[in-house]
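# Descriptive analysis of the structure
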Amino acid sequence: MVVMEIFDVFEYAQNIYVYNQGNKCEYSSDSDGYKKIMTSWNEMVDGAHPMPAFGVSINNLTLKEMQSGVWVEFEFGKEHIVYGMPFERLLINVNETYCGFNILRYTTEYGYDGRCYYLDLVNKNMSNFYTDLMNL
């Protein structure tokens, strides 16, 4: 499936995983937690601007980094393509003070190796989204 804008693809996530200090919680698309996460996510990215990413992801370093802090991972169950880049999952490091963030792409073939997407939240930060994740 080809999706033209990064914002459009998140509604196709089948599961959402929240990692907090390496501990993983799963939310399926029919759960209340999933709905709360998606509502908060959509509020946060409303009005955001996609921009060129600041770097690339290196799978081994990403997996190590996921053991600390808060991360949210959207799993799609099949490959999607946005801006010519394929993925099966998207991963975001959630930090209250971030005003923009990389979105790391996962594929079965390469893991989290490769180019990222970037969203600038335009006069917002991740604080509400972070709080909502912590209150699940």
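Predicted model only: the values in this text are computed from it and were never measured. (Residues numbered from 1 in each chain as written. Predicted model: local features only at pLDDT ≥ 70, side-chain atom pairs only at ≥ 80, totals over all residues. Heavy atoms only, no water.)

This brings us to helix 2 (residues 32–45). In this model helix 2 runs 20 Å from its N-terminal to its C-terminal C-alpha over 14 residues, within 8% of the 20 Å that 1.5 Å per residue would give. All of the buried residues in helix 2 are Gly33, Tyr34, Ile37, Met38, Ser40, Trp41, Met44 and Val45. Just beyond helix 2, the residue with positive phi is Gly47, at close to 85°. (Helix = DSSP H or I, 4+ residues; strand = E, 2+ residues; numbered from the N terminus. Expected span 1.5 Å × (residues − 1). Buried < 20%, exposed > 50% of the residue type's maximum accessible area, 1.4 Å probe, protein only.)

Take the environment of Met38 next. Examined against the element boundaries, Met38 turns out to sit in helix 2. When the C-alpha atoms of Met38 and Arg89 are compared, they prove to be 15 Å apart, with 51 residues separating the residues in sequence. Residue contacts for Met38: discarding those within four places in its chain leaves Phe10, Glu11, Ile16 and Phe74. (Contact = heavy atoms within 4.5 Å.)

Another point: the pattern of salt bridges. Summed over the entire model, instances satisfying the criterion amount to two salt bridges. Here Glu73 ties to Arg89 by a salt bridge, and the two come within 3.6 Å at their closest N and O atoms. Separated by 16 residues along the polypeptide, Glu73 in strand 5 (residues 70–82) and Arg89 in strand 6 (residues 85–94) bring together distant segments of the chain. For the salt bridge of Glu75 with Arg89, the shortest nitrogen-to-oxygen distance reads 3.9 Å. Of this pair, Glu75 sits in strand 5 while Arg89 is found in strand 6, placing the two residues 14 residues apart along the sequence. Look at Glu75 and you get buried, because its relative accessible area is 18%. Among the residues examined, Arg89 registers a relative accessible area of 24% and is labelled partly exposed. Salt bridges sharing common partners tie together Glu73, Glu75 and Arg89. (Salt bridge = Lys/Arg side-chain N within 4 Å of Asp/Glu carboxyl O.)

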